[in-house]
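Geometric and topological summary
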Amino acid sequence: MNKIKKLSPLTETTFYILISLLEPLHGYGIMQEVLSLSKGRIHLGPGTLYGALGNLVKAGLIVPGEYGETNPRRKIYIITGLGKELIKYELLRLKEMTQNGEKLLHKKGAENGSK
Amino acid sequence: MGVNEDNRRFKTVSRIFFAWQAEKEENWLNEMSKKGWHLDNTGFITYTFRKGESEDIIYRLDFKIIRNENIDDYITLFEDAGWEYISKMGPWYYFRTEAKKDKNQELYSDNTSKIRMYNSLRWLLIILCAPVAYNLPNLYRRIIEALKGRIMDDIPARAVTINFTLPLAIFLTLVLCLMIYGIIRVSMVIKRMKSDIRE
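The sections below set out a description of the structure shown in this document. Keep in mind it's a predicted model, so treat the numbers as computed, not measured.

In this section: helix α2 (residues 12-20) of chain A. The element α2 of chain A is largely enclosed, with a buried count of seven among its nine residues. Among all positions in α2 of chain A, only Thr13, Thr14, Phe15, Tyr16, Ile17, Leu18 and Ser20 of chain A are buried.

So this is what it looks like as structure tokens:
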């Protein structure tokens, strides 16, 4: 749990890479998945993605492995148990954020907001 | 036949860019492509270009220290993402792609990861600096001792000091200054990026 708290909060990019790896994917597969999940908003650069994958492997959140990819030049990755725990923790944190934001905006934003 | 010969024309240009001038180098390569000279290969301070049509090509350099067995995977990812790999020069990898309007054409899509790249470049410079900085005081001590006259009677030792040790010390001092300047310049790039709080 301590390790998870240390890794939180994740950047948006890291969060999307992690959830896309709930199924095994190679680098380009991750780019496409993140692009479609974010409705075209997050366009991952290959330099950014390559660096992020290395860091996620080092942190023990994803692992490279053999998952029937035909081209041996492409590494395939999948999320680890620790990675899944981290996603759950992040989801709770993000839910708290949106709930608090909505609650306060509803209560106070309505009074002093738009005229 | 004449056209074919044209297509096969190559030229090699010598030009020095320092580690903190990657953007300048990218722009220069872009200008060359607009003139119809497309980068074909890179050497230590040389660039080989192949003559072709004038095109608007975006060049990007990536700094990466990478194990040999991972290079294929690394390059394949960039190729999948639409970047053509041209060559590498030490830890610098050269990529290019056709310029397209309204499209983000950067290797790094966020600041954090770009800062990481420059941080590893800075580390490399610091590591390379260390042995030079460590040995220089020794060299100067020997030169000073020689100049004080302690070994002035010893002709061969004096010759070695004047002809070898002194020039070496001056050369290494210049190298060290350049590297320290490089570290400062890279640090400035990092600082500028950090002031931009977007991820």
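That was the structure; now back to the text.
Now for the packing of aromatic side chains. Under the defined criterion, the tally for this structure stands at 15 aromatic pairs over all chains. Centre to centre, the rings of Trp28 of chain B and Phe49 of chain B are 5.6 Å apart; their planes meet at 85°, and the pair counts as edge-to-face. Of this pair, Trp28 of chain B sits in helix α2 (residues 22-34) while Phe49 of chain B sits in strand β3 (residues 46-51), and the two are 21 residues apart along the sequence. The buried category is assigned to Trp28 of chain B, whose relative accessible area is 13%. Exposure remark for Phe49 of chain B: the relative accessible area of 0% places this residue in the buried category. Geometrically, the ring pair formed by Phe78 of chain B and Phe95 of chain B is stacked, given 4.3 Å between the ring centres and 15° between the ring planes. In this pair, Phe78 of chain B is assigned in helix α3 (residues 71-80) and Phe95 of chain B in strand β6 (residues 92-98), connecting sequence segments 17 residues apart. Taken together, the ring pairs connect Tyr50 of chain A together with Tyr74, Phe78, Tyr85, Tyr93 and Phe95 of chain B into an aromatic cluster.

Next up on the list: the packing of helix α4 (residues 46-58) of chain A against α3 of chain B. Where α4 of chain A meets α3 of chain B, the closest approach of the two axes is 9 Å, and the angle between their N-to-C directions is 145°. Crossing handedness for the pair α4 of chain A and α3 of chain B: right-handed. Contact residues: α4 of chain A offers Pro46, Gly47, Leu49 and Tyr50 of chain A, while α3 of chain B offers Asp73, Tyr74, Leu77 and Phe78 of chain B. Its residues assigned to classes, the contact of α4 of chain A with α3 of chain B shows six nonpolar, one polar and one charged.

Reading the values: rules and limits
- The written sequence of each chain sets the order in which its residues are numbered from 1.
- Chain A is the first chain written and ligand 1 is the first ligand written, with later ones labelled in order.
- With the structure being a predicted model, the display of local features is reserved for residues of pLDDT at least 70 and the display and counting of side-chain atom pairs for 80 or more, all residues being used for whole-chain, interface and lining totals.
- With hydrogens and water stripped out, all remaining heavy atoms of the structure feed into the side-chain values.
- For every residue, the accessible area (1.4 Å probe, protein chains only) is compared with the maximum for its type, and the residue is labelled buried under 20%, exposed over 50%, or partly exposed between those bounds.
- The helix count covers DSSP runs of H or I at least four residues long, the strand count covers runs of E at least two residues long, and both are numbered beginning at the N terminus.
- Think of it this way: a Phe, Tyr or Trp ring, Trp meaning its six-membered ring, pairs with another when their centres are within 6.5 Å, and the plane angle makes it stacked under 30 degrees, edge-to-face over 60, tilted otherwise.
- Helix axes use the C-alpha atoms of the stretch in contact, all axes being lines fitted to C-alpha atoms, and the angles between their N-to-C directions lie in the range 0 to 180 degrees.
- The crossing is said to be left-handed when, going from far helix to near helix, the turn is anticlockwise and less than a right angle, and right-handed when the turn is clockwise.
- Between two residues, a contact is recorded if the distance between any of their heavy atoms is within 4.5 Å.
- In this count, Pro and Cys sit with the nonpolar residues alongside Ala, Val, Leu, Ile, Met, Phe, Trp and Tyr, while Asp, Glu, Lys and Arg are called charged and the others, Gly among them, polar.

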